[in-house]
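The chain contents come next:
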Amino acid sequence: MRTYLITGGTDGMGRGLGLHFLERGDRVIAVASGEAKGRAFTEAAARLGAADRVRFLRADLSTVAGMHAVTAEIESSVDSLDGVVFATQRFQQRRVLTADGLEYTFALSYLSRFVIGHGLVPLLDRAEAPVVFNLGAPGGFPGRIFWDDISFEREPYKGMKAATQASRSIDLLAVDFPRRHPDTRAKYVVYNPMFVKTGMADPLPQPKRAFTNAMAALFAQRVAKAIVPMAALIDGPPAAPVTAWRRTTPLPLTGKDFDPDAADRLHRLTGKILERVEAAGELG
Ligand SMILES: NC(=O)c1ccc[n+]([C@@H]2O[C@H](COP(=O)([O-])OP(=O)(O)OC[C@H]3O[C@@H](n4cnc5c(N)ncnc54)[C@H](OP(=O)(O)O)[C@@H]3O)[C@@H](O)[C@H]2O)c1
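In this text, all values refer to a predicted model and were calculated from it rather than measured experimentally.

(A) Molecular detail of the overall build of the protein chain. For the protein chain, the count of helices and strands is nine helices and eight strands. Over its C-alpha atoms the protein chain spans a radius of gyration of 18 Å, differing by no more than 12% from the 19 Å that the globule rule assigns to 284 residues. Its C-alpha atoms give the protein chain principal-axis dimensions of about 50 × 50 × 45 Å. The buried share of the protein chain, reckoned over its 284 residues, is 52%. Contacts spanning at least 24 positions in sequence make up 77% of the contacts within the protein chain whose residues lie at least 6 apart.

(B) How the structure looks around the sheet that holds strand E5 (residues 131-135). In spatial order, the strands read E3-E2-E1-E4-E5-E6-E7-E8; together these eight strands make up an open sheet with mixed pairing. Both outer strands of the open sheet, strand E3 (54-58) and strand E8 (249-251), are each paired with one neighbouring strand and no more. Ignoring which end each strand starts from, the neighbouring axes of this sheet average 20° apart. Looking at chain direction, strand E6 (residues 187-192) and strand E7 (residues 242-246) are connected through five bridges and run parallel. The residue bridging Val-189 from the neighbouring strand is Thr-243, located in E7.

(C) The site of the ligand, seen in detail. Taken together, 30 residues surround the ligand, and among them Met-13, Ser-33, Gly-34, Met-194 and Thr-198 come closest. Contact distances for the ligand include 2.9 Å between a nitrogen atom and a backbone N or O atom of Leu-61. Here Leu-135 contributes a backbone N or O atom positioned 3.3 Å from an oxygen atom of the ligand. When the ligand sits alone it has 890 Å² of accessible area, and the protein chains cover 92% of it. Of all the elements in the fold, those that place two or more residues in the shell around the ligand are helix H1 (12-23) and helix H4 (104-119).

(D) Seen up close, H4. For H4, built from 16 residues, the straight-helix expectation of 22 Å at 1.5 Å per residue is met to within 8% by its first-to-last C-alpha distance of 21 Å. The largest bend in H4 comes to about 40°, at Leu-111. When you tally the buried positions in H4, you get 15 out of 16 residues, the bulk of the element. Backbone nitrogen of Thr-105 and a side-chain oxygen of the N-cap are separated by 3.1 Å at the start of H4; the cap is Glu-103.

(E) Region of the structure containing empty space enclosed by the protein. Inspection of the entire model under this criterion finds one cavity of 30 Å³ or more. Its boundaries defined by the atoms lining it, the largest cavity holds a volume of some 40 Å³. Taken together, Tyr-110, Phe-114, His-118, Leu-172, Leu-173, Asp-176, Ala-263, Leu-266 and His-267 make up the full set of residues lining the largest cavity. A class-by-class count of the residues in the lining of the largest cavity yields six nonpolar, two polar and one charged.

(F) Just the packing of aromatic side chains, in detail. Taken as a whole and assessed by the stated rule, the structure comprises seven aromatic pairs. Between Phe-106 and Tyr-110, the aromatic rings sit 5.1 Å apart at their centres with planes inclined by 45°, giving tilted as the arrangement. Of this pair, Phe-106 and Tyr-110 are both found in helix H4, four residues apart, which corresponds to roughly one turn of the helix. Both residues of the pair, Phe-106 and Tyr-110, count as buried. What links up through ring pairs into an aromatic cluster is the set Phe-106, Tyr-110 and Phe-114.

(G) Summary view of the layout of surface pockets. Estimated volume of the second largest pocket: approximately 220 Å³. Taken together, 14 residues make up the lining of the second largest pocket; nearest its centre are Ile-150, Ser-151, Glu-153, Ile-273 and Arg-276. For the lining of the second largest pocket, the class distribution of residues is six nonpolar, two polar and six charged.

Thresholds, definitions, all that
- Residues numbered from 1 in each chain as written.
- Predicted model: local features only at pLDDT ≥ 70, side-chain atom pairs only at ≥ 80, totals over all residues.
- Heavy atoms only, no water.
- Helix = DSSP H or I, 4+ residues; strand = E, 2+ residues; numbered from the N terminus.
- Rg over C-alpha atoms; globule rule 2.2 N^0.38 Å.
- Buried < 20%, exposed > 50% of the residue type's maximum accessible area, 1.4 Å probe, protein only.
- Contact = heavy atoms within 4.5 Å.
- Pairing = 2+ DSSP bridges.
- Axes fitted to C-alpha atoms, helices over the stretch in contact; angles between N-to-C directions.
- Near = heavy atom within 4 Å.
- Polar contact = N/O pair within 3.5 Å; in protein donor to acceptor, adjacent residues only side chain to side chain.
- Areas by Shrake-Rupley, 256 points an atom, 1.4 Å probe, with all protein chains shown as cover.
- Expected span 1.5 Å × (residues − 1).
- Bend = angle between axes of the 7 residues up to and from the residue.
- 1 Å grid on protein atoms, 1.4 Å probe; cavity = no way out; pocket = protein on both sides within 12 Å on 5 of 7 lines; lining within 4 Å.
- Points joined across faces, edges and corners; volume = space filled by probe spheres on them.
- Nonpolar A, V, L, I, M, F, W, Y, C, P; charged D, E, K, R; others polar.
- Phe/Tyr/Trp six-rings, centres within 6.5 Å; stacked < 30°, edge-to-face > 60°.

Okay, here's the thing in structure tokens:
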């Protein structure tokens, strides 16, 4: 029986992958912030006969405390991890600051994957063929990192700018991962599912929500179909330490999105951000 941690595991593709693994007999720990969707997920698991193999862990992964709490809880409750799937998202139309004073999308979509992914390497290395599967948007919408203003203090905020900044940060996190863990057996996969019909549009105001849902009805893939190539990559990750995919197309790890120097810069910047948050927490 394999064990998977899925952040954002109670909705959309994270939920779809979680139920897929549970149905075939694996163990799944799903993390999300909402109790109702968590309960619905464990009830769906019970209907599959997996009540004793599912766990819902409630945490707000936009906060550094939430990220550390999940890492610590997993460390203390499982012996090894076959896979970590990162699938959280919550689109923010307006600039929102987290309890740590960071821009929300950067914290939830990138920083949580940094903290949990690096933190769980020792547990991953106890599994036979471990994988970190990071859902993002490599090779998708362009976007850039606002190096001197990561939380949009001066740069005018737009939801898409924050979302694409997080995507670029995820690409760099992926390419940097083997450098931080040269001896790990865990394979790092960053994956763009393209347009998939999920609860993605739920936080949008009308009429944007109705428009996005109408576009999704016409053009997006269903979750059940979208997760098939993802599950295949998780079951049989490529031999290379890190790979990037747009659906079933492998992407070259070249160009500025995967620039190793930028990846190193982001790693150092992230370390400083975390130090600052943790120092503020100790003072407070
Ligand atoms: N859907 C697409 O077309 C598409 C395209 C490209 C990339 N992606 C990427 O694929 C991944 C999955 O997307 P999706 O559309 O399947 O997502 P989704 O249906 O919107 O589900 C998002 C999940 O994240 C959780 N979440 C939100 N805020 C959270 C928080 N503060 N702390 C912990 N969990 C939180 C949600 O549960 P709660 O609300 O209860 O917390 C939910 O379980 C994301 O990384 C997304 O960026 C999606």
